[in-house]
Amino acid sequence: MSGPPSSPREAEGGDAAPPRRDEHVKGFHKNNHYHSDEPPSRRGGEAVGAGVGERKSFVGKVLGCLFAGSSTTVRVDMQRPGFVREQRSKDYNGWGDGYGGGSGGDGSGSQRHNFRVEQTRVKIMQKWEGGVFSQRQVGGGSERKSRVDLGVGLDVSLMEADVVPELRLRLRTANSDNAPNLYLRVLPRQELVGRTRVPILNTGLFLGLRLQVPLASIGDVGSYLRGGGRDEFRSGGAQPMITAQLLRPAGTGAHLSTSGLEFDEKILRLGPDCALRLAASVDFPREYPLPEIDEGPLRLKIKKLGVKKCFRWCKDRRTT
């Protein structure tokens, strides 16, 4: 008489021993998709991570399609920066120091030079360009331009804490530097703008012409042409306007003006698409004998000091 079988597999023709509980559980997991050697918390984390990765990939593709072929221009301008002399008064109504000299105070106290800026503006513009070409500049060299571009951006005034949105569509009618440009502005004002300049013989000066037509006035013009009356047209707040002024393009060197010398130049290149620009003037004395002023007979005025950087998201585009 043989002993009992050591395992259910050795039992033949007889009743097999019931499986243990742990073997039953393993068999259940094996026949289901939930079976894994890793803990459930890790398996769930991988599933969530895969979902987040797919969403990030989708967002990246959308942003790539949105910014493909576009450029971002960042410009920082300081208007009328310079050092000014101020005088500190020793007594200011008995409670603290104040600015004296000039029209206030007794002229006593120390003097110092402070750096002041009239206005600081930061402008960020995102552009989508079409018909890119290389345009020759009046002062020499060439610059990348486009026949059509859509611009969306912000104009921020740091001193006044003012933020102005901008949205416009620009069309260049030709590749010439003096060809008319047409603008359709949506923000901050709704208007049509046409700009051009006409060279004046060989003087290096140009006559700049600008036509500004508010979109609100177009309906008033139509009403006037239909017989609405001149008074009805004039009663509108926004009306078309034409302006003209003498211009000298930037980058053409110093030139004489009614007050002295003026120049508007890119004084320093900081890279292929970044430059430091300075617009200033030197005023000559206008009377003799010379007045007693601390600045001396020649006075330097810095009108604007700024830096401009362009980030191009597609660098392999060809220009025509």
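Since we're looking at a predicted model, the values are computed, not measured. Each residue is numbered by its place in its chain's sequence as written, counting from 1. Only residues with pLDDT of at least 70 are given local features in this predicted model, and only at 80 or more are side-chain atom pairs given and counted; all residues enter the totals for whole chains, interfaces and linings. Working from all heavy atoms in the structure, the side-chain values ignore hydrogens and water.

Here we take up the overall build of the chain. Helix and strand content of the chain: 4 helices and 15 strands. Three exposure classes are used, based on accessible area relative to the maximum for each residue type with a 1.4 Å probe and protein chains only: buried under 20%, partly exposed in between, and exposed over 50%. Across the 320 residues in the chain, those meeting the buried criterion constitute 21%. Only heavy atoms enter the contact rule, under which two residues are in contact if any of them lie within 4.5 Å. Considering only contacts in the chain between residues 6 or more positions apart, those separated by 24 or more positions represent 50%. Counting from the N terminus, the helices are DSSP H or I runs at least four residues long and the strands are E runs at least two residues long.

A word on the packing of aromatic side chains. Planes of paired rings set the category: under 30 degrees apart is stacked, over 60 is edge-to-face and the rest tilted, where pairs are Phe, Tyr or Trp rings (Trp by its six-membered ring) whose centres lie within 6.5 Å. For the structure shown, the criterion picks out 0 aromatic pairs. Working rule: Lys NZ or Arg CZ, within 6 Å of ring centre, within 35 degrees of ring normal, means a charge sits over the ring. Positioned over the ring face of Tyr183 is Arg185, at 5.0 Å from the centre of the ring. One cation-aromatic arrangement involves Lys309 over Phe311; the distance from NZ or CZ to the ring centre is 5.4 Å.

Along the chain, Gly130 falls in strand 5 (residues 119-136). Classification of Gly130 as partly exposed rests on a relative accessible area of 25%. Sequence spacing of Gly130 and Arg147 is 17 residues, and the spatial spacing of their C-alpha atoms is 6.2 Å.

A word on the pattern of salt bridges. Any Lys or Arg side-chain nitrogen located within 4 Å of an Asp or Glu carboxyl oxygen qualifies as a salt bridge. Following the criterion strictly, the structure yields 14 salt bridges and no others. Notably, a salt bridge pairs Arg121 with Asp155, separated by 3.3 Å at the nearest N-O pair. A residue pair is termed long-range when its members are at least 10 positions apart, and Arg121 in strand 5 and Asp155 in strand 6 (residues 142-157) qualify at 34 residues. Among the residues examined, Asp155 registers a relative accessible area of 14% and is labelled buried. A salt bridge links Arg299 to Asp283; the nearest nitrogen and oxygen atoms lie 3.8 Å apart. Of this pair, Arg299 sits in strand 15 (residues 299-312) while Asp283 sits in strand 14 (residues 274-283); the two residues are 16 residues apart in sequence, bridging distant segments of the chain.

Summarising the element assignment, Ala254 is placed in the loop between strand 11 (241-247) and strand 12 (255-256). Excluding its chain neighbours within four sequence positions, the residues that come into contact with Ala254 are Glu262, Phe263 and Glu265.

This next bit is on the confidence of the model for the chain. Confidence in the prediction of the chain, expressed as mean pLDDT, is 75, and 64% of residues score 70 or more. What pLDDT expresses is the predictor's confidence in each residue, scored from 0 to 100. Every residue in residues 92-106 scores below 50 in pLDDT, and together they form 19 contacts with partners more than four places removed in sequence or on other chains. Within the model, pLDDT remains below 50 along residues 316-320, and this stretch shows 14 contacts once partners closer than five positions in the same chain are excluded.

Looking along the chain, the bond that leaves Leu187 and enters Pro188 is cis, with omega of 0 degrees. Here Arg80, not a glycine, exhibits a phi torsion of approximately 55 degrees, which is positive. For Arg80, the location among the structural elements is in the loop between strand 1 (70-79) and strand 2 (82-92). A positive phi angle, close to 50 degrees, is found at Leu201, a residue other than glycine. Here Leu201 shows up in the loop between strand 9 (191-199) and strand 10 (206-214).

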